[in-house]
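Residue-level structural notes
Now for the letters of each chain:
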Amino acid sequence: MATDMSGEDESKGGMWALEQKIDQPMDEEAGRLKNMYREKKFSALLLLQLSFQSLGVVYGDLGTSPLYVFYNTFPDKITDTEDIVGALSLIIYSLTLVPLIKYVFIVCRANDNGQGGTFALYSLLCRHAKVNTIPNQHKTDEELTTYSRSTIHEKSFAAKTRSWLEGDAFKKNALLLLVLVGTCMAIGDGILTPAISVLSASGGIKIDHPRMSTDVVVVVAVVILVGLFSLQHYGVDKVAWLFAPIVLLWFLLIGGIGIYNIWKHDSWVLRAFSPVYIFKHFKRRGKNGWTSLGGIMLSITGTEALFADLAHFPVSAIQLAFTVVVFPCLLLAYSGQAAYLMNNKDHASDAFYRSIPDSVYWPMFIIATLAAIVASQATISATFSIIKQANALGCFPRVKVIHTSSKFLGQIYIPDINWILMVLCIIVTAGFKNQSQIGNAYGTAVVIVMLATTFLMILIMLLVWRCHWILVFIFAALSLIVECTYFSAVLFKVDQGGWVPLVIAAVFLFIMYIWHYGTVKRYEFEMHSKISMTWILGLGPSLGLVRVPGIGLVYTELASGVPHIFSHFITNLPAIHSVVVFVCVKYLPVYTVPEDERFLVKRIGPKNFHMFRCVARYGYKDLHKKDDDFEKKLFDNLFMFVRLESMMEGGSDSDDYSLYDQQSHRSKDFLLPDNTVNTFSSVVDLTISSCDSIVPVKSPLNVVNPGSSSGQVSSQREVDEMAFLTSCRDAGVVHIMGNTIVRARRDSTFYKKLSIDYVYAFLRKICREHSVIFNVPHESLLNVGQVFYV
């Protein structure tokens, strides 16, 4: 069965010319639409405003690190003031090399149309190389306005890299595993950030009440955490306007207090800006200096969240906010704490709060608690976004997603994940009770995410940016030297709390990999067992059954071909609906699919079979919720397809068709992203032959019928078929979905049987059904069961 554009060469002549006339103006508008997804140039005032707003969303986690860095760097007493200078020098150059140079000015440029995170990098790679483990893409998907990719010359180093990456399934699976490991560690970050931030902020109570038990501080932290997670379902848009002022005030205060402490205690501490003191630090402290890197590592935590939260603001705004506000204030804050410790070596465990002047202590305590809550909120929201992306790419079970804001589609709430995060966060907080062990766990999670990002960035620089291999080598060498050094340091603290993110990540990785494995096997089963078109044609227009009034929507994983579920259905039931539509909902490696390009429609077989295919395409950032209008949109595009098909047949030799001679201004309105006029606008896949070959045509609905004799005939056919489809829809619509049960073969290993028969089966049982997502009425749902073995 042909699934590619095999009918293209046979359609030259009049029909080919007509197709070119229809496509040409749409290509021009598509290019115009495509430019809308590139980063725009902003006025200076707007850029300042966006930079201010980015503080509350992007930099909360990184900004609260001064609460606990020196405590984790010096868990024991400080014996030599030179150790403080060496630690400060390490902090200064860690902030310079990782957040500033690597992330803000390099990694942030590797965004997927403004989207950040490991899955965004993976989607970029999937568009430039065939590394997607679920091969459900079609050539027409590459024509999307958001499917941007660069051309790779065949003899270039990038082409060799792509060939090497596409060489075998092992490399594709290894790349996916790398992405999943980074994702799972980022989820662990979403658990550990609220724990350490809120616990550190709450610890300020003990400074004024030294005899207070640590348990009281833990209880206060747990109460704040329960309140934070309990309020998630309201959404952050109602209080988000407070985030930026709180974080800006926080940065200004810690910077101002830093200047005060440098002036009051020891300005000579600024000699730490010389990298010589790093060398002296390691030479003097030896292994203890090396293991202290686990605490220094915490000064750059939140950097990975910076990249994951990139979607809300342009890169230029994030760069401006970091270089003007965040970076200098953090340097002043750490320098001020170091200056204070030069004269108070015994106060390392409470360096932040003890360095605050008494006159502003309690206001600073309140601001610190609020900043910790903002930082926690940022990582919780980022975790929700990560789960949603993993869900869209077939790497996580379907879960309930609630959109908390009608203005900002990225603001979501996932109830199941929220309560899991809350329970794990409380267990970590109450179980460890101190910042040191939580800090060890936090550092382990962060450095592994950074390593995963570095490896993905190497491929991005080769395949997407096509950088010279020398530049790639320099970036890889510098990044890996720094991050592997930190990684070796956190390994010393695996038994001191560093095992926590490893366990959390292992559980999530197991779930995600098993789910993805089962999804791939189900898709492969659908592909290998799909029905021959010859067999369908041999049944005749009635398909060997009674065709009853109504429309049957058969849901399938396949974007081409007739699924096995259909043969299973018609061999067990004596009747089938008058109109059959095979519906495929698939996610593509793009961040979004514009509404007017979402649906592809084509006919299967001759007209009197009344069989169609509709492919609904989504990006990993698109709405994944109950789509109340899904059925309506589907039928709107189906009717539009019939009209366009009739127009094509009736005008094969006519030169009078023009999309822009009349109502041209309305046609252009259909392409605006916020259009409310066109409910039928779509990319339509016109089938010119009776087989499964296609010629893609982009066109809006409003076309001018020339009124020729052939046009009148086709118009009459159109009216007849439209009336037939309308009557069938009025008779009733039934949603036919496959209830596929996956089983391991009898000769499978014990681990495979455990994974498939129990874990994957359990996940399938508790995950959300497609019928709920697409708001299918229970009385219109028909499940067709089938079992297959892997």
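Provided above is the structure to which this section pertains.
Residues numbered from 1 in each chain as written. Predicted model: local features only at pLDDT ≥ 70, side-chain atom pairs only at ≥ 80, totals over all residues. Heavy atoms only, no water.

**Considering helix α21 (residues 469-491)**
Its 23 residues give α21 an end-to-end C-alpha distance of 31 Å, which sits within 8% of 33 Å, the value for a rise of 1.5 Å per residue. The complete set of buried residues in α21 reads Val472, Phe475, Ala476, Ser479, Glu483, Tyr486, Ala489 and Val490. Turning to α21, the residues buried within the fold contact α5 (81-104), α13 (287-291), α14 (293-296) and α20 (435-463). (Helix = DSSP H or I, 4+ residues; strand = E, 2+ residues; numbered from the N terminus. Expected span 1.5 Å × (residues − 1). Buried < 20%, exposed > 50% of the residue type's maximum accessible area, 1.4 Å probe, protein only. Contact = heavy atoms within 4.5 Å.)

**Digging into empty space enclosed by the protein**
The final tally for this structure, using the stated rule, is six cavities of 30 Å³ or more. In this model, the largest cavity occupies a volume close to 240 Å³. Among the elements that make up the lining of the largest cavity, the one with the highest residue count is helix α18 (residues 361-392) (six residues). In terms of residue class, the lining of the largest cavity is made up of nine nonpolar, 10 polar and two charged. (1 Å grid on protein atoms, 1.4 Å probe; cavity = no way out; pocket = protein on both sides within 12 Å on 5 of 7 lines; lining within 4 Å. Points joined across faces, edges and corners; volume = space filled by probe spheres on them. Nonpolar A, V, L, I, M, F, W, Y, C, P; charged D, E, K, R; others polar.)

**Considering the nonpolar core**
Residues Tyr59, Trp250, Phe251, Phe352 and Tyr353 are the most contacted members of the largest nonpolar core, which totals 163 residues. Top contributing element to this core by residue count: helix α16 (residues 315-343), with 18 residues. Excluding anything up to four places from it in sequence, tyrosine 353 contacts Leu67, Ser200, Ala201, Gly203, Gly204, Ile207, Tyr361, Phe365 and Ala368. (Core = buried A, V, L, I, M, F, W, Y, C linked by side-chain atoms within 4.5 Å.)

**Considerations on the pattern of salt bridges**
According to the stated counting rule, one finds 15 salt bridges in the structure shown. For glutamate 721, the salt bridge identified is with arginine 603, shortest N-O distance 3.1 Å. Taken together, the residues glutamate 721 in helix α27 (residues 709-731) and arginine 603 in strand β5 (residues 599-603) connect sequence positions 118 residues apart. For the salt bridge of aspartate 636 with lysine 632, the shortest nitrogen-to-oxygen distance reads 3.1 Å. On the criterion of helical spacing, the pair formed by aspartate 636 and lysine 632 is a turn pair, its members being four residues apart in helix α25 (residues 630-650). (Salt bridge = Lys/Arg side-chain N within 4 Å of Asp/Glu carboxyl O.)

**Remarks on the sheet that holds β5**
In space, the six strands of this open sheet follow the order β5-β6-β4-β3-β9-β10, with mixed pairing throughout. Taken across any chain shown, the strands that pair with only one partner, and hence form the sheet edges, are β5 and β10 (781-789). Direction aside, neighbouring strands of the sheet carry axes that sit 25° apart on average. Two strands pair when backbone bridges link them, and strand β3 (residues 546-556) and strand β4 (residues 575-587) are joined in this way by nine bridges, in the parallel orientation. Counterpart to isoleucine 551 in the pairing with β4 is valine 579. In this fold helix α22 (residues 499-528) packs onto β3, β9 (733-743) and β10, with an angle of close to 95° to the strand it touches most, β10. (Pairing = 2+ DSSP bridges. Axes fitted to C-alpha atoms, helices over the stretch in contact; angles between N-to-C directions.)

**Observations regarding the environment of glycine 336**
Looking at where glycine 336 falls in the secondary structure, it is placed in helix α16. Take glycine 336: its relative accessible area is 0%, and that puts it in the buried class. When the C-alpha positions of glycine 336 and glycine 255 are compared, they lie 8.3 Å apart, and in sequence the two are 81 residues distant. If we skip the residues at most four places from it in the chain, glycine 336 touches Gly258, Asn261 and Ile262.

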